[in-house]
Amino acid sequence: MIVKVKSPGRVNLIGEHTDYNGGYVLPGTINKAINFKIFKIKKSKCEVKSESINKTLIFDLNDFKKSKTHWNNYILGTIDFFLNEGNKITPFKCLIKSNLPIGSGISSSSALISGFSRAIIELYNLKYDKSDIVKIVSYVERKFIGLKGGIMDQFTINYGLKDNLILLNCSNSIFDYINFKSESIGIVLLNTNVKHSLINSAYNDRVNECIIAENLLNSHYSDKRRLANYTYDELNEIKYKLNLTVYNRAKFVICENSRTLKGAELLKQSNFQGFGKLMYNSHQGLKDLYDVSCPELDFIVNYTLKLKYVLGSRMMGGGFGGCTINLIEKNKINIFLKDISNIYLDNFNKKLTPINVSIADGLTYKKTN
Ligand code: GLA
């Protein structure tokens, strides 16, 4: 039997750093993906080969440990999960090809773990569903990568639907599809090609600061809630108990959560103009209150402010580099990309990589004998 899996990346229109705070997010899967082909082999070791990054990992199912490289750990951590649960896995070969840029904030790592999990599930006929894959990704991130990540990426990858965004409540995984299709408005990602080496530890710092704020709120108010579900007024009532950094983080999360709900309503009414303004507000908060932006991201967002045909722009994903997401009038995209790429190169002496995306289906798979 051969199993083929296509595991896409994701964009997030709004609702950044709200997922691990029990808030709302508004992501969708894109037309760029990692492809897997997996089959059993009569050898003693497993072989996982990625053509795109020119890497081969060979390991023994009975004797492997955490590696020093993240990529290996995504694979090994996934296998560790299935073996720990008592599943019988025999040697296999897995070939991977991808057109998903790595480390640019469009979830190549969740796409890798989700797709590889699905490949293993189907090859060995294991009894796990989409919601289990969401948990497997969290297991691998926490145990093998050391990242206290939320569920947005893996949820989106597994539940994504063409031409629809997912309004996901991350405190209970209840979600709604919101149609996102426009003849005139397109989504363009601009990859700054900036990669922050300490991104995981900076991300975990934000998670920990939010936990401090949530605990203080929960010790003040009797109905215990996740941080995103408090109001700005409730936060201000205990402002005196929080240091400024923790207060700023909490303020951002609470405001971003309201923006996400408001944004979803605006999109339902096809009010892209109004939605775009919320994207700019989101960026401002990510920069000033959450402190996860960088000069390159700020430069691009600022540049678009004066362009009428850019409806909204903001940094996307964990931050400290990666991409901005831009809502642009389709007939102006080419001219915009030409201008911004030249200006970016002049200012930062780095290449800007544009990625045109559309909202496509989530993870799919096929089995053949
Ligand atoms: C990363 C994480 C997500 C989410 C975003 C920020 O992409 O993987 O879970 O927290 O950052 O919104």
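Above this text you will find the structure in question.
This one's a predicted model, so the numbers in the text were calculated from it and none came from an experiment. (Residues numbered from 1 in each chain as written. Predicted model: local features only at pLDDT ≥ 70, side-chain atom pairs only at ≥ 80, totals over all residues. Heavy atoms only, no water.)

Trainee: Got a sec to walk through the packing of helix 9 (residues 295-305) against helix 10 (residues 333-348)? Specific residues and values, please.
Mentor: Their axes nearest at 11 Å, the elements helix 9 and helix 10 cross at an angle of 140°. On the basis of the axis angle, helix 9 is oblique to helix 10. You can see that helix 9 and helix 10 cross each other, and the crossing is right-handed. Listed contacts from helix 10 to Pro 295, Glu 296, Phe 299, Ile 300, Tyr 303 and Thr 304 of helix 9 are Phe 336, Asp 339, Ile 340, Ile 343, Tyr 344, Asn 347 and Phe 348. Looking at the contact of helix 9 with helix 10, its residues break down into nine nonpolar, two polar and two charged. (Axes fitted to C-alpha atoms, helices over the stretch in contact; angles between N-to-C directions. Helix = DSSP H or I, 4+ residues; strand = E, 2+ residues; numbered from the N terminus. Parallel < 35°, antiparallel > 145°, perpendicular 65-115°, else oblique. Left-handed = near helix turned anticlockwise from the far one by under 90°. Contact = heavy atoms within 4.5 Å. Nonpolar A, V, L, I, M, F, W, Y, C, P; charged D, E, K, R; others polar.)

Trainee: Just give me the short version of helix 1 (residues 70-84), but keep the residues and values in it.
Mentor: The end-to-end C-alpha separation of helix 1 is 20 Å, in line with the 21 Å expected for 15 residues at 1.5 Å each. The element helix 1 is largely enclosed, with a buried count of twelve among its 15 residues. Buried within helix 1 we find Trp 71, Asn 72, Asn 73, Tyr 74, Ile 75, Leu 76, Gly 77, Thr 78, Ile 79, Asp 80, Phe 81 and Phe 82. In this structure, the buried residues of helix 1 make contact with strand 4 (46-50), strand 5 (55-59), strand 6 (92-98), helix 2 (108-123) and helix 3 (130-145). Trailing helix 1 by a residue or two, Gly 86 shows a phi angle of about 85°, which is positive. (Expected span 1.5 Å × (residues − 1). Buried < 20%, exposed > 50% of the residue type's maximum accessible area, 1.4 Å probe, protein only.)

Trainee: For the state of the cysteines, give the residues involved together with the corresponding values.
Mentor: Under the definition given, this model contains zero disulfides. Summary of cysteine pairing: Cys 210 is not part of a disulfide, and the nearest cysteine sulfur, belonging to Cys 255, is at 13 Å. According to the relative accessible area criterion, Cys 210 is buried, its value standing at 1%. Free cysteine: Cys 294, not disulfide-bonded; nearest cysteine sulfur from Cys 323 at 11 Å. (Disulfide = S-S within 2.5 Å.)

Trainee: Give me the lowdown on the pattern of salt bridges, citing residues and values where you can.
Mentor: Inspection of every chain in the model, using the stated rule, returns 15 salt bridges. As a salt-bridge pair, Glu 16 and Arg 314 come within 2.7 Å of each other at their nearest N and O atoms. On the criterion of sequence distance, the pair formed by Glu 16 in the loop between strand 1 (2-12) and strand 2 (24-25) and Arg 314 in strand 10 (residues 310-315) is long-range, its members being 298 residues apart. Comparing Glu 16 with Arg 314 shows no difference in burial state: the two are buried. (Salt bridge = Lys/Arg side-chain N within 4 Å of Asp/Glu carboxyl O.)

Trainee: Account for the sheet that holds strand 5, naming residues and giving values.
Mentor: Strand order across the open sheet formed by six strands is 5-4-6-3-1-13, with mixed pairing between neighbours. Edge positions in the sheet fall to strand 5 and strand 13 (364-368), since each has one partner strand and no second. Mean inter-strand twist for the sheet, computed between neighbouring axes without regard to direction, equals 15°. The pairing of strand 1 with strand 13 spans five bridges and is antiparallel. Bridge pairing links Val 3 to Lys 367 in strand 13. Lying on the sheet, helix 2 is in contact with strand 1, strand 3 (27-40), strand 6 and strand 13; it crosses strand 3 at an angle near 40°. Contacting strand 1 and strand 3, helix 4 (residues 152-159) crosses the sheet at an angle of about 125° to strand 1. (Pairing = 2+ DSSP bridges.)

Trainee: Could you give me a rundown of the packing of aromatic side chains, with the residues and numbers involved?
Mentor: Across all of its chains, the model carries 18 aromatic pairs by this definition. Centroid distance Phe 81 to Tyr 128: 6.0 Å. Interplanar angle 65°. Geometry classified as edge-to-face. One end of the pair, Phe 81, is in helix 1; the other, Tyr 128, is in the loop between helix 2 and helix 3, and 47 residues separate them in sequence. Residue classification places Phe 81 among the buried residues on the basis of a relative accessible area of 12%. (Phe/Tyr/Trp six-rings, centres within 6.5 Å; stacked < 30°, edge-to-face > 60°.)

Trainee: Account for the site of the ligand, with residues named and values stated.
Mentor: For the ligand, the full set of nearby residues is Arg 10, Glu 16, His 17, Asp 19, Tyr 20, Gly 150, Met 152, Asp 153, Tyr 203, Gly 317 and Gly 318. One of the side-chain N or O atoms of Glu 16 is found 2.6 Å from an oxygen atom in the ligand. Between the ligand and Gly 318, the relevant distance is 3.3 Å, taken from an oxygen atom to a main-chain nitrogen or oxygen of the residue. Protein chains shield 92% of the accessible area of the ligand, which is 310 Å² for the free molecule. When its residues are assigned to classes, the shell around the ligand shows three nonpolar, four polar and four charged. (Near = heavy atom within 4 Å. Polar contact = N/O pair within 3.5 Å; in protein donor to acceptor, adjacent residues only side chain to side chain. Areas by Shrake-Rupley, 256 points an atom, 1.4 Å probe, with all protein chains shown as cover.)

Trainee: Kindly report on the sheet that holds strand 7 (residues 164-169), identifying the contributing residues and their values.
Mentor: Taken in spatial order, the three strands make up an open sheet running 2-7-8, and their pairing is antiparallel. Each having just a single partner strand, strand 2 and strand 8 (174-179) make up the two edges of the open sheet. Relative to strand 7, strand 2 runs antiparallel, the two sharing two bridges. Paired with Val 25 across the two strands is Leu 168, which belongs to strand 7.

Trainee: Could you give an account of the nonpolar core, with specific residues and numbers?
Mentor: Ranked by internal contacts, the top residues of the largest apolar core, which has 116 residues, are Phe 59, Phe 92, Ile 120, Leu 189 and Leu 327. If you tally residues by element for this core, the top one is helix 7 (residues 244-268), at nine residues. Residues contacting Leu 327, with those up to four places away along its chain left out, are Leu 13, Phe 180, Ile 185, Gly 186, Ile 187, Phe 272, Phe 275, Met 279, Tyr 309, Val 310, Leu 311 and Gly 312. Counting nine residues, the second-largest nonpolar core is a separate cluster that includes Val 134, Ile 151, Ile 166 and Leu 168. (Core = buried A, V, L, I, M, F, W, Y, C linked by side-chain atoms within 4.5 Å.)

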